[in-house]
Amino acid sequence: TACPIIWRQRLFPDTKLVFIGFATIAWYSLRASISPVAEFATSDLLLLGSAASSFILTRVAFLNSRATSLLIWTLALLLIASIGIMARQWACPQFTPIFPNRPTEYPSGFFGHYNDCANFLIGSSFVLGGFSLFGRYSIGVRIAWALVSVSGLIAVYFTHSRGGILATVVGLAVFAAMILIIGQRTQTRWFAPIMLCLPVIGIVAGWFLWAGWQSAQEIRDSQVGVSNVLDNSVRLYLLGVAISCTNLHPLAGGGSRSFSWESYHLWDVEAYGHLAARTDMVHNELIQSVTDYGLIGGGLLLLLIGTIGVTALYRTLLLNRSEGDSNFIKVSSGGVASICGMLVQSMFSFVFHLLPGTVLLGISMGIASPPASSLANDDGNRHFLNRIITSAILLIITISLLYWGIKGSKTVNLLWPVYFGNRAGMSEFERLRRLSNAVETWPQATLYSDLAMIRHKAYSAGQEQSQFSIAEQAISDYRSALALNPYDTTTSLRLAHLLALVGKDTEALSQY
């Protein structure tokens, strides 16, 4: 859809942005292609592709008012629906519209976890806020969007996400700063009243942070007090472990999600136990990218986001009444605030390792760096290379996403009842059948391991000689899982246990 528009109109006049984006995608793709665990690399590349395509398509949408309106109304309706589900969950914590259960009872909307819900609320609310203030739409539509935007930001409080509450305040500060710059540059009538209200806005933001953290601590049955929010030695230790992992291979990183196995070598068992606090991912997306993709990957990511932020700020500082691109530049303020808010949230949780988070980041980056309308119809030959690069990226992403999308859809269709359906009403034979079919469609270590666990459990329950073939099948599945992910220590331990049960002590000892 986007390629014809890219060729017909000069959509990407920002040459630096194109080349930095291309370099970032190229490095992550190259590093992922030689990662030790292929399925982790595939996962990361699918997320990267989703973010990149969302970014490009959002910029394309800016050239058509209907496309832009459709995009923003979709975000608004999703936001309304999420707030409605959160209200239902506030009254009935057991309610969940999609998943059979949630890890906590805090309202989480469509998501399984409240941190991901807070990230969606923050990102979409600021995008909506930018369009409600500066979009060229009727006053009724803009008021409606403004009400939804404010409601979304208030709803962050009820997720009890401490990172989300801080991210909301930071996003508000950035949004307010951008609005003030726009007001001063365009000499609008509301600039002076807002300047006078700044102290009140600051007090409200400070209260929101203090009250939100206080409430979050109380509901967790932790020690009451805002100061205790920062007293989280486990998170600091996780960051220390991640930095130590980075030191093993500072430039190139350890490969896709390498923290999940490298952290074992550096974990202090005496201080934090065997498994209780250790996680497969760093609770900090930037550090995760540096750990997995090295200082080169982290540096390119910061350079890309920094270029978008600096470009948006530069355009805003040069804004004037007569400029033809003023509407695009003003609206970009919401995208900048959205990026800042989500980046802060990502410092406390791996929100960009879920598809909605990456798509929303791509949309926000596209809104923060819209194509200048006065340049959009200029078919200058000097931007021919930009078109080739952008179109090539889009075509590669499209082909990849179609391939994995069809494969993934078939797999989800088979596995949804197994993981998210009524487990009590499903026989072990049916679970085995669905998992076996799914693993043929998309071989993954997790699926092989789950297959093996079902057979392992069946053998342990009977342990008759006639069931020896079941044990052999389970051993074969465990080995298939380890062939795909040799760093999965849980699978190794389960295989060792089963080998010991069938009397293969030497092989069991090797696994242990």
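The text that follows walks through the structure, step by step, so that each part is easy to find.

**Here we look at the overall build of the protein chain**
Counting its secondary structure elements, the protein chain contains 20 helices and zero strands. Its C-alpha atoms give the protein chain a radius of gyration of 25 Å, within 12% of the compact-globule value 24 Å for 512 residues. Viewed in the frame of its principal axes, the protein chain has a C-alpha envelope of about 85 × 60 × 45 Å. Residues counted as buried form 49% of the 512 residues belonging to the protein chain. Counted over contacts in the protein chain with a minimum sequence separation of 6, partners at least 24 positions apart contribute 71%. For the protein chain, the exposed area adds up to about 24000 Å²; of that, 65% sits on carbon and sulfur atoms. Across the protein chain, the centroid of the 33 positively charged side chains sits 14 Å from that of the 28 negatively charged ones.

**Observations concerning the side chain of Ser 161**
Relative to the helices and strands, Ser 161 resides in the loop between helix H6 (139–159) and helix H7 (162–186). Accessibility expressed as a relative area gives 0% for Ser 161, which makes it buried.

**So, empty space enclosed by the protein**
Applying the stated criterion to the full structure yields two cavities of 30 Å³ or more. Space inside the largest cavity adds up to approximately 60 Å³. Lining the largest cavity we find Phe 111, Asp 116, Asn 119, Phe 120, Val 351, Leu 354, Pro 356, Gly 357 and Leu 360. Those elements that place two or more of their residues in the lining of the largest cavity are helix H5 (114–134) and helix H14 (355–368). Of the residues assigned to the lining of the largest cavity, the class counts are six nonpolar, two polar and one charged.

About the cut-offs
Residue numbers restart at each chain and count upward from 1, following the sequence in its written direction. The predicted origin of the model limits local features to residues at a pLDDT of at least 70 and limits the giving and counting of side-chain atom pairs to 80 or more, whereas totals for whole chains, interfaces and linings rest on all residues. Values reported for side chains reflect all heavy atoms of the structure, with hydrogen atoms and water molecules removed beforehand. Each helix is a run of H or I in the DSSP string that is no shorter than four residues. Each strand is a run of E no shorter than two, and both are numbered from the N terminus. Every radius of gyration here is taken over C-alpha atoms, with the globule rule written as 2.2 Å times N^0.38, N being the number of residues. Exposure classes here rest on a 1.4 Å probe applied to the protein chains alone. A residue is buried below 20% of its type maximum, exposed above 50%, and partly exposed in between. Contact between two residues is taken to exist if any of their heavy atoms lie within 4.5 Å; hydrogens are not considered. Accessible areas in this description were obtained via Shrake-Rupley with a 1.4 Å probe; residue shielding takes into account the shown protein chains only. The charge count includes Lys and Arg as positive and Asp and Glu as negative, but it does not include His or the ends of the chains. By convention, charge coordinates are those of NZ in Lys, CZ in Arg, CG in Asp, or CD in Glu. Whether a set of points on the 1 Å grid over the protein atoms alone is a cavity depends on a 1.4 Å probe fitting there but being unable to get out, while an open set qualifies as a pocket with protein on both sides within 12 Å along at least five of seven lines; lining residues are those with an atom within 4 Å of a point. Grid points are joined across faces, edges and corners, and a volume is the space filled by probe spheres set on the points. Only Asp, Glu, Lys and Arg are considered charged, only Ala, Val, Leu, Ile, Met, Phe, Trp, Tyr, Cys and Pro nonpolar, and every remaining residue, Gly among them, polar.

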